[in-house]
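Structural features, examined
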Amino acid sequence: LHHPPAVGSIAWRKRLTDAPGLAEVLARQGAELILHGHAHLAQTRELAAGEKRIPVFGVPSASDSRHHPQRTARYHLYRLEEKAEKWSLHISARTYCRDQEQFVASEQKTLFLPMAER
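Presented here is an overview of the structure given in this document. (Residues numbered from 1 in each chain as written. Predicted model: local features only at pLDDT ≥ 70, side-chain atom pairs only at ≥ 80, totals over all residues. Heavy atoms only, no water.)

Take the overall build of the chain next. When helices and strands are tallied, the chain shows one helix and six strands. Taken over the C-alpha atoms alone, the chain extends approximately 45 × 40 × 15 Å along its principal axes. Here the chain holds 118 residues, and 31% of them are scored as buried. Relative to all contacts within the chain whose residues are 6 or more apart in sequence, the contacts with residues 24 or more apart total 37%. When the accessible surface of the chain is totalled, it reaches about 7,800 Å², and 51% of it is carbon and sulfur. Between the centroid of the 17 positive side chains of the chain and the centroid of its 13 negative side chains there is a distance of 6 Å. (Helix = DSSP H or I, 4+ residues; strand = E, 2+ residues; numbered from the N terminus. Buried < 20%, exposed > 50% of the residue type's maximum accessible area, 1.4 Å probe, protein only. Contact = heavy atoms within 4.5 Å. Areas by Shrake-Rupley, 256 points an atom, 1.4 Å probe, with all protein chains shown as cover. Lys, Arg positive; Asp, Glu negative; His and termini not counted. Charge placed at Lys NZ, Arg CZ, Asp CG, Glu CD.)

This is the structure:
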């Protein structure tokens, strides 16, 4: 998605105007993960979609040159693996380091996500 769908991710005037409708669709159809842009912030949120809680990730622009820690140029690498009826999601963040003039590994985490019904 372009606009973040989780409440509180961005100023009201810049929000995804049909976020409640999207949540209704996702409650019926399912999703394991949502990626978005627009906010230009490193964010991890959760979207409530009926009984489901869907992880939502946003990252700043990979070309942002500001010094603000949440807005520094960054990108994520995602690797999904199917493991025992769950998704194993490995996230590697790469952030631009001005001193080294290159992107460097800055954060890694693994989430286990339930699979949507097939």
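Structure's up, so let's keep going.
A word on unusual backbone geometry. Backbone geometry at Ala84 places phi at a positive 45°, although glycine is not the residue there. Following the sequence through the fold, Ala84 ends up in the loop between strand E4 (74–83) and strand E5 (86–97). Classification of Ala84 as exposed rests on a relative accessible area of 75%. The residue Glu101 is not glycine, and still its phi comes out positive at about 55°. Following the sequence through the fold, Glu101 ends up in the loop between E5 and strand E6 (102–114).

Next up on the list: the environment of Gly37. You can see Gly37 is positioned in the loop between strand E1 (34–36) and strand E2 (43–49). Classification of Gly37 by relative accessible area gives partly exposed; the value is 22%. Residues Gly37 and His2 lie 35 residues apart in sequence; the distance between their C-alpha atoms is 4.9 Å. Leave out the neighbours within four places in its chain, and Gly37 touches Leu1, His2 and Pro4.

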